[in-house]
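# Coordinate analysis (summary)
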Amino acid sequence: MSADERYMSRCLLLAAKALGKVAPNPMVGAVLVHDGRIISEGYHRKFGGAHAEVDCLDAVADADRHLIPSSTLYVSLEPCTHHGKTPPCTDRIIRERIPEVVVSCRDPFPQVDGKGLEQLRDAGVIVRFGALESQAEWLNRRFFTFHRKKRPYVILKWAQTADGMIAGPGKERASISNPMSSLKVHWWREAEQAIMVGTDTVGQDDPMLTVRSGRSGVDPVRVVIDRYLRLPLTRRIFHPGASVVVFNTLREDHAGHLRYCRVDDEKDLLPAILDRMYGLNLQSVLVEGGVVLLESFLRLDAWDEIRRITATDKRIPGGYPGPLLPEGLKGDAAMIEKDKIEIFTHE
Ligand code: AOF
Ligand code: ZN
């Protein structure tokens, strides 16, 4: 690993501390290096808060401030040029007279998208680009997919038995994953902006869809599809605790923590729902079932990751089968006790 890559991997590690805390903004980390010594570090900690570059520059010790004009700034995303909730980072870099900036990947946000690099170069800053670019893009895959595909990053998740069943014969809820992999699911929830289920799942399983991992994070928005608003509001998903978006074909309004979003009554509501979720700035969604909903995402080919838990020690003869995986997928697998956790990413 080159020195640039080492400093950039530190930026990525810092950035990743913000998982689940800054969306729909990207996770970004920065380090300031003088003569082989890291004199400051920072990251984008909170949505609406200081960007990584500013967090890093603000943290330089008084005794080291005079070193800034002879240091190199490493940042895991192209510095911004726009006035958003905070002023442009490029202005700050130029004002601090930082002579050299190493950037990992471009910011696809239309108001930035290359202009950050250009502005720095125009001001005479040496800009080196591309250190650990693919790792940086992977870290912010939700952000990139959201801007490039104009829809949320979609993660399909289900748990099945060794014989491929996800529920009992009459679709009744079955306990499939072990407690440790269930905890992992709560971590997964915490990292996404939305969790989604179909009507049947709310009817049959009555899930809460809250995060109960014990870590502090922003609770994701609970998203449910209820075409004709037939689900009773006594279902646990509608309880207070986190906001709820109800996609339906009848009403468009707010009622406390419930937001009703009307879409046209087409056979397949999914394309319109994904569009609306983009409009609502929901950058990522964990789809937790049921099979009908998971299969419609697969059919539409509108998915980015599949996370499948297989309890290798459990079987439900005559049970209700889970979705079929698309052919030719490649993925990673790991075991949590007897549960196999597979993660497949879309080509
Ligand atoms: C950076 N450094 O650490 C981050 C950047 O509303 P604002 O002002 O927070 O701006 C949000 C946008 O800024 C976001 O969509 C992305 O384009 C960029 N994020 N840029 O230079 C950072 N988090
Ligand atoms: Zn910025």
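A brief look at the structure comes next. Just so you know, these numbers come straight off a predicted model, no measurement behind them.

## Structural notes on the side chain of Asp4
The topology assignment puts Asp4 in helix H1 (residues 3-16). Given the relative accessible area of 18%, Asp4 is considered buried. When near neighbours in sequence (up to four residues on either side) are disregarded, Asp4 contacts Tyr74, Val102, Arg128 and Ala131.

## With respect to H1
Relative to the 20 Å expected for 14 residues at 1.5 Å per residue, H1 spans 20 Å between its end C-alpha atoms, a close match to the ideal helical length. Among the residues making up H1, those that are buried are Asp4, Tyr7, Met8, Cys11, Leu12, Leu14 and Ala15. One side of H1 holds all its buried residues, which, seen down the axis, span an arc of 160°. Buried residues along H1 sit against strand S1 (29-34), strand S2 (37-43), strand S3 (72-75), strand S4 (100-103), strand S5 (126-129) and helix H5 (133-139).

## Quick look at the coordination of the zinc ion (ligand 2)
Expected angles at a metal are 109.5 degrees for tetrahedral coordination by four donors and either 90 or 180 degrees for octahedral coordination by six donors. For the zinc ion (ligand 2), the full set of protein donor atoms is His51 (ND1), Cys80 (SG) and Cys89 (SG), at a range of 2.0 to 2.2 Å. What the 4 donor atoms of the zinc ion (ligand 2) show is an angle range of 98 to 120° at the metal, which sorts the shape as tetrahedral. All donors of the zinc ion (ligand 2) come from a single chain, and their spacing in sequence reads H-x28-C-x8-C. One end of the pair, His51, is in the loop between S2 and helix H2 (52-58); the other, Cys89, is in helix H3 (residues 89-95), with 38 residues separating them in the sequence. As far as burial versus exposure is concerned, His51 and Cys89 are alike and both buried.

## Quick look at the packing of helix H9 (residues 270-279) against helix H10 (residues 291-300)
Packing of H9 against H10 leaves a shortest axis separation of 11 Å and a crossing angle of 90°. When the axes of H9 and H10 are compared, the pair comes out roughly perpendicular. Taking contact as the criterion, the partners of Leu270, Pro271 and Leu274 in H9 are, on H10, Leu293, Ser296, Phe297 and Leu300.

## Here's the deal with the site of ligand 1
Near ligand 1 there are 18 residues, and of these His51, Ala52, Glu53, Lys85 and Asp107 occur at the shortest range. Glu53 is positioned with one of its side-chain polar atoms (N or O) 2.8 Å from an oxygen atom of ligand 1. Out of a free accessible area of 520 Å², ligand 1 has 97% covered by protein chains. Its residues placed into classes, the shell around ligand 1 shows 8 nonpolar, 6 polar and 4 charged.

What counts, and where the lines are drawn
- Residue indices follow the written sequence of each chain, beginning from 1 at its first position.
- To read the labels, note that chains go from A and ligands from 1, taken in the order they are written.
- Local features in this predicted model are restricted to residues of pLDDT 70 or higher, and side-chain atom pairs are both shown and tallied only at a pLDDT of 80 or more, whereas totals for entire chains, interfaces and linings draw on every residue.
- Processing note: side-chain calculations cover all non-hydrogen atoms of the structure and skip hydrogens and water entirely.
- Each helix is a run of H or I in the DSSP string that is no shorter than four residues. Each strand is a run of E no shorter than two, and both are numbered from the N terminus.
- Each residue is assigned to one of three classes by its accessible area relative to the maximum for its type, calculated with a 1.4 Å probe on protein chains only: buried under 20%, partly exposed between the two thresholds, exposed over 50%.
- In what follows, a contact means two residues having at least one pair of non-hydrogen atoms within 4.5 Å.
- Multiplying 1.5 Å by the helix residue count minus one yields the expected span of that helix.
- Arc definition: directions from the helix axis to the C-beta atoms.
- The rule for donors is simple: an N, O or S atom within 2.8 Å of the metal counts, and for Na, K and Ca the reach is 3.2 Å. Water is not among the atoms, so a site may look short of donors.
- Donor angles set the geometry label: tetrahedral for four donors if every angle is between 85 and 135 degrees, square planar for four and octahedral for six if opposite donors exceed 155 degrees and the others are between 65 and 115, irregular for anything else.
- Angles run from 0 to 180 degrees between N-to-C directions of axes, and those axes are lines fitted to C-alpha atoms, restricted for helices to the stretch in contact.
- Comment on the angle field: the value is read as roughly parallel under 35 degrees, roughly antiparallel over 145, roughly perpendicular from 65 to 115, and oblique elsewhere.
- Throughout, the term near means that a residue has one or more heavy atoms lying within 4 Å of the molecule or strand in question.
- Polar contact is defined as a pair of N or O atoms within 3.5 Å, subject to the rule that within protein one atom must be able to donate a hydrogen and the other to accept it, and that residues adjacent in sequence are counted only when both atoms are side-chain atoms.
- Every accessible area reported is derived by Shrake-Rupley at a probe size of 1.4 Å, with residue values counting cover from the shown protein chains alone.
- The nonpolar class holds Ala, Val, Leu, Ile, Met, Phe, Trp, Tyr, Cys and Pro. Asp, Glu, Lys and Arg form the charged class, and all remaining residues, Gly among them, are polar.

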